[in-house]
Every structure is written in C-alpha cells, then in structure tokens.
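# Structural overview for review
Given next are the chains, with one letter for each unit.
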Amino acid sequence: MKTITRQKPFEQILEDLAQDSSVFIIGCGTCATLCGTGGVKEVAEMSEKVASAGKIVTGTAVPPTGCDEVTAEMRRAFKTELRAADVILVMSCAFGVQTAASQLNKPVAPALDTLFVGKEGPAGQYSEICMQCGQCVLADTAGICPVTTCHKGLLNGPCGGTNDGMCEVGNGRECAWTLIYNRLQKVGRLDRMRRYHPPRSHNAVLRPGIMTLTHSREEAAKH
Amino acid sequence: MSRLKKALDSGKFVVTAEIGPPKGINLEGVKHHIELLKDKVDGLNVTDNQSSVLRYPSLGGALLVKEMGGEPILQMTCRDRNRLALQADLMFAYSRGITNVLCLTGDAVVVGDHKDAKGVFDLDSVQLLDTIQILAEGTDLGGNKLDGAPQFFKGAIVTPEARPLEPQLMKFEKKIEAGAQFIQTQAIYDLNNFRNFMDYARKFNVKILAGLVLLTSAGMAKFMNKNVPGIFVPQPLIDELAGVPKGKALETGMKIAARMIRTIKEEKMADGVHIMAIGREETVPQILEMAGVA
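Note that the coordinates shown come from a computational prediction; the quantities given were computed from them, not determined experimentally.

With that out of the way, let us pick up the side chain of Lys38 of chain B. Residues and elements named next belong to chain B. When you line up the elements, Lys38 lands in the loop between helix 2 (28-37) and strand 2 (43-46). In this structure Lys38 comes out as buried when scored by relative accessible area, which is 14%. Of the polar contacts made by the side chain of Lys38, one reaches the backbone oxygen of Met68; its length is 3.4 Å. Residues contacting Lys38, with those up to four places away along its chain left out, are Leu44, Met68, Gly69 and Gly70.

Okay, the interface of chain B and chain A next. Taken residue by residue, the interface counts 27 residues in chain B and 29 residues in chain A. In total, about 2500 Å² of surface goes out of reach between chain B and chain A, with carbon and sulfur atoms giving 54% of it. Of all residues in chain B, Met170, Lys174 and Pro229 of chain B give up the largest surface area on contact with chain A, accounting jointly for 23% of the area buried on that side. The salt bridge involving Glu173 of chain B is made with Arg194 of chain A; its shortest N-O contact spans 3.0 Å. At the boundary of chain B with chain A, the tally comes to 17 residue pairs in polar contact (both at pLDDT 80 or more). Elements represented by at least two residues in the side of chain B that touches chain A include exactly helix 5 (125-136) and helix 6 (166-177) of chain B.

We now examine the environment of Thr99 of chain A. Mapped onto the secondary structure, Thr99 of chain A falls in helix 6 (residues 94-104). Distance in space between the C-alpha atoms of Thr99 of chain A and Cys133 of chain A is 24 Å, their sequence separation being 34 residues.

Turning our eyes to something else, we now look at the sheet that holds strand 1 (residues 2-7) of chain A. Residues and elements named next belong to chain A. On the basis of which strands lie adjacent, the open sheet formed by three strands has the order 1-6-7 and antiparallel pairing. Unpaired on one side and paired on the other, strand 1 and strand 7 (126-128) mark the two borders of the sheet. Shown here is a sheet whose adjacent strand axes are inclined to one another by a mean of 60 degrees, direction ignored. In the sheet, strand 1 pairs with strand 6 (residues 112-120) via six bridges, with the strands oriented antiparallel. Residue pairing in the sheet places Thr3 in a bridge with Val117 of strand 6.

Right, let's talk about the packing of aromatic side chains for a bit. Residue and element names in this part refer to chain B. Across all of its chains, the model carries nine aromatic pairs over all chains by this definition. Relative to Phe204, the ring of Phe172 has its centre 5.7 Å away and its plane inclined at 90 degrees; by these criteria the two rings are edge-to-face. One end of the pair, Phe172, is in helix 6; the other, Phe204, is in the loop between helix 7 (191-201) and strand 7 (207-213), with 32 residues separating them in the sequence. Under the relative-accessibility criterion, Phe204 is labelled partly exposed at 23%.

With that settled, consider the nonpolar core. By size, the foremost hydrophobic cluster in this structure holds 85 residues, and its most contacted members are Phe172, Tyr189 and Phe197 of chain B. Broken down by element, this core gets its largest block of residues, seven residues, from helix 10 (residues 249-266) of chain B. Among all residues touching Phe197 of chain B, those that are not within four sequence positions of it are Val158, Pro160, Leu169, Phe172, Thr185 and Ile208 of chain B. Of all hydrophobic cores here, the second largest spans 16 residues; its members include Phe10, Met46, Met91 and Ala111 of chain A.

Residue and element names in this part refer to chain A. End to end, helix 3 (residues 40-52) covers 19 Å across 13 residues, agreeing with the expected 18 Å (1.5 Å per residue, within 8%). Within the span of helix 3, buried status applies to Glu42, Val43, Met46, Ser47 and Val50. The buried residues of helix 3 occupy an angular sector of 140 degrees when projected down its axis, which confines them to one face. Away from its buried face by more than 90 degrees, helix 3 exposes Val40, Lys41, Glu48 and Ser52.

About the thresholds
Residues numbered from 1 in each chain as written. Chains lettered and ligands numbered in written order. Predicted model: local features only at pLDDT ≥ 70, side-chain atom pairs only at ≥ 80, totals over all residues. Heavy atoms only, no water. Helix = DSSP H or I, 4+ residues; strand = E, 2+ residues; numbered from the N terminus. Buried < 20%, exposed > 50% of the residue type's maximum accessible area, 1.4 Å probe, protein only. Polar contact = N/O pair within 3.5 Å; in protein donor to acceptor, adjacent residues only side chain to side chain. Contact = heavy atoms within 4.5 Å. Buried area = accessible area lost by both parts, 1.4 Å probe. Salt bridge = Lys/Arg side-chain N within 4 Å of Asp/Glu carboxyl O. Pairing = 2+ DSSP bridges. Axes fitted to C-alpha atoms, helices over the stretch in contact; angles between N-to-C directions. Phe/Tyr/Trp six-rings, centres within 6.5 Å; stacked < 30°, edge-to-face > 60°. Core = buried A, V, L, I, M, F, W, Y, C linked by side-chain atoms within 4.5 Å. Expected span 1.5 Å × (residues − 1). Arc of directions from axis to C-beta.

Here it is in structure tokens:
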C-alpha cells in the first residue's frame, strides 16, 4: 500500500512560498520516492528550481519515511538549516506535511498533492483499492471493492454507463461491476450479486476518524 | 392516482415521450413541446440534468407539465442529491400532483458541463426505489413517521443491449424487487434482440415500454454506436439513413421509428413505447400518426 502523490505545478508552489525568502526542503524515502515525486533526485531538482526563483535553500533532507515522526536526530543534524528557513517545503504526502508542521514549529507548504492510497500493479501503475468506508462488502463482491472501484460507488450492480467492460468516464477505467461479475462467476458465487444492499452509512466512522486502541475486551474488562 | 398507471393497467398500447428542460429560465420552448405532446401521449418524462449538463430542474418541468394538464413522469437521478434532498423533493412533487417517478442512477459528473462537481450517489437507483416504497409506507429513511405518505407509481430503466447483459438483468430484477412497476428501456433498434429480452422480461410483474431514440442521420447513429453505452444501431438502419438524399435523413429516421412502433404494437412485443426525440420533440406527433397510434 502506497500513498500516491503528484507534484503541484511549480507556479502554484511559488505562490505558496511568496512570503518566504529561505526554504528548507523535506522529501520522503518511501512512497514519494517510489512515485518519483519526493525522492533524493526530485528534492535536488526542486532545490535548484527554488534557488533559480531567487530564494535561498537552507538545506534539504530525505528521511526514510516522511510521514513518521521527524526524528530528534534529523532535527539535530539540520538544526541551523531548519532555523534559518522561513518555511518548510514538503515533498511527501499530506501526512508528511502535517507531521512537519506539528513538529518543526515553522510554516509549511506542500509541494505535492495527495491523490489516493493505492496498490502497485505492473510497470509503475497504481490503483486505488480502499476508501476506508468502515463497512466492508468484499464478501459479496469477490474481493473487488465497488465503493472504490466503481466511479459512482454503486452497491447494487452496474449502471447503464457500462460498455463492454469499460466505464463511461473513459480514461481506460474498467467497469467495476463487470470485474465483480466475472470474478464471482469464476469462484461460483454469482448468487451474491443478487443481494440487495441498503444505503451505506456515512456515519460508520465519525469523521474525522479517531480511534483509541485498547487491549482485548476480556482484558479491558479486568482493568 | 397516476393516469399513466391507469393507462398501463387498461391494457392499451401506451406511449410516453421525453422532454428536456431548457438551459436557463426561458420556458417558451418547453411549454411549446408540452402543448404539442400532452394530449397525444400517456406520460411525459422530464429529464434531470441529462448527461450531467445543468438545466432547469426536472421538478420544475414536471410541475409545468402538470399545470398545463399533462401527465408528468419525474425523472430523478441519484447524482446531485443526497437522501434528505431526494426525499424532500419526492414529498414536494407528490404534494403538487406529480405521481410518476422514474428512478435513475444518473450519468457520471465528468461527462457533463460541471466536471469538478461532486457526484453524490448517496443512494443508487435500486435504493431510491426502495426509499419511495418506504415513504409510501409512512416513514422516512431515518425510520421516522411521516404526516401523510406519498403513493408514487414507480419506474426504472434497463439496458437490453448492454454487454455483458447478465449483470444488467440481475439489477433489473433487483429494481423490480425494490418496487419498480414500470420500465422504460434504453433505446433499442434490433427487434430480434428485443424480442429475446422480452421473452425473459415477461416473466416479471412489471410493465415495459420499449425505448426509442429518434435517429436523425447516419452520422448520429454511428456516433451513438461509438459513444453511447448500451446503444447499438444495426448497419442496415445506418445504410437506410445514408441512402437517402441530403435533407431527407430526419424523415427517414421518423419512418424507422414509426415502423418500429407499429411492429412492437402489432406483435404485442411490449406494453408500449417511450420516445426520446432529443431536441426534435416537434416530430413526435407525426411519428405517432405514421405509426398508427395517434
């Protein structure tokens, strides 16, 4: 599972940096590196572009995971560079931007847009697999998520926009319900497609999602 | 009481047609179409931001049909409203004498003219039908009691030419289980295929109107084959349209529609037809005359 990101247009990044003359750039060694949006190479390129736009780049860093805590080690290693920067430009998913904001006490600017949480397919292709809806229906859909894979998130079968296995939205999108139908047939569970699904609850997880993990129920009862 | 239901129950060959509200608030054109068609058909569908293109609302159009003495069929898609808005609009519609609803999923937002809008799809077409049933029983989707319950005549659609077909048919059956009482099909052109579909569909307790989109030229037919999911115009019909002198294609399209209506009626293939003339509504009375159903 990877967080898929896309670099913002540079003009937009510059707009976010308009008030700032010095910038520290943070990348990410995991997802953004794999996406080619915030690895060592992209951070170096961004550093050059920001410099040629007339700003001072006080330093750059590509921690192993941009979303985890900014380590004390990193803060020590880049103490002067971080202090000298007016703003932290973050080349990771929104998680990394929020981590930097909460831990470095500096204004932040995102260099990337976070698109979705996806799984890697062949040759650098990523596809979205789960929307975290909090009410999994995969047993009825042969393990293909209609909430995510169907453009409209339909629960009760295909709409009229399905065409030879493709979706009306185009761009090579496949019809989720044709995929589901084909796989249900293959595994001998086509009857599952006849089940009526009532409207989904949009309150299965109260947004924003917050969860306190406890011990098992039995153990919790003892405490 | 729905006049459309009465017509279908009477066993007569029923004709419905479609009108599209304007982009803007000038209602002269749509009023003209209503005036032209209201006494010639058993129901007038009013489209709901068709193809995800913003228009005057279907609810406003349906109300206009009602006020002008016609029998409106309110098209409702699940694309633009959540379950509160859909239920509220349904109550409003019924309180103003609109008794027929056609439940649709709705096209994807990105095919229309507000590509950055949010596609809602809080309900799907089956769930919308079920919701209307729940309202009829006197409660809302939240399980709360209503003071006065709407009793709609409920419709849905099916695409008999969809590929693959079986998933569509499974959904068709779900729609009937959820309370669909009449079905207007997506456009059909191959009557042999339609006969096969009807052999299957006849097993269900639902009235079926064969959908016909008026062909206006060979180019338009080819365009639909290429771009509209679930519509397949057979080559002989395209050849027929292409084989007439320039300026005669529309007339040929009308003849084709009339011929199909006549066959469907004579062979009692369906309970009636639903004519979608898409911008050529003024041709419908003549098509009906040519078909012998005026």
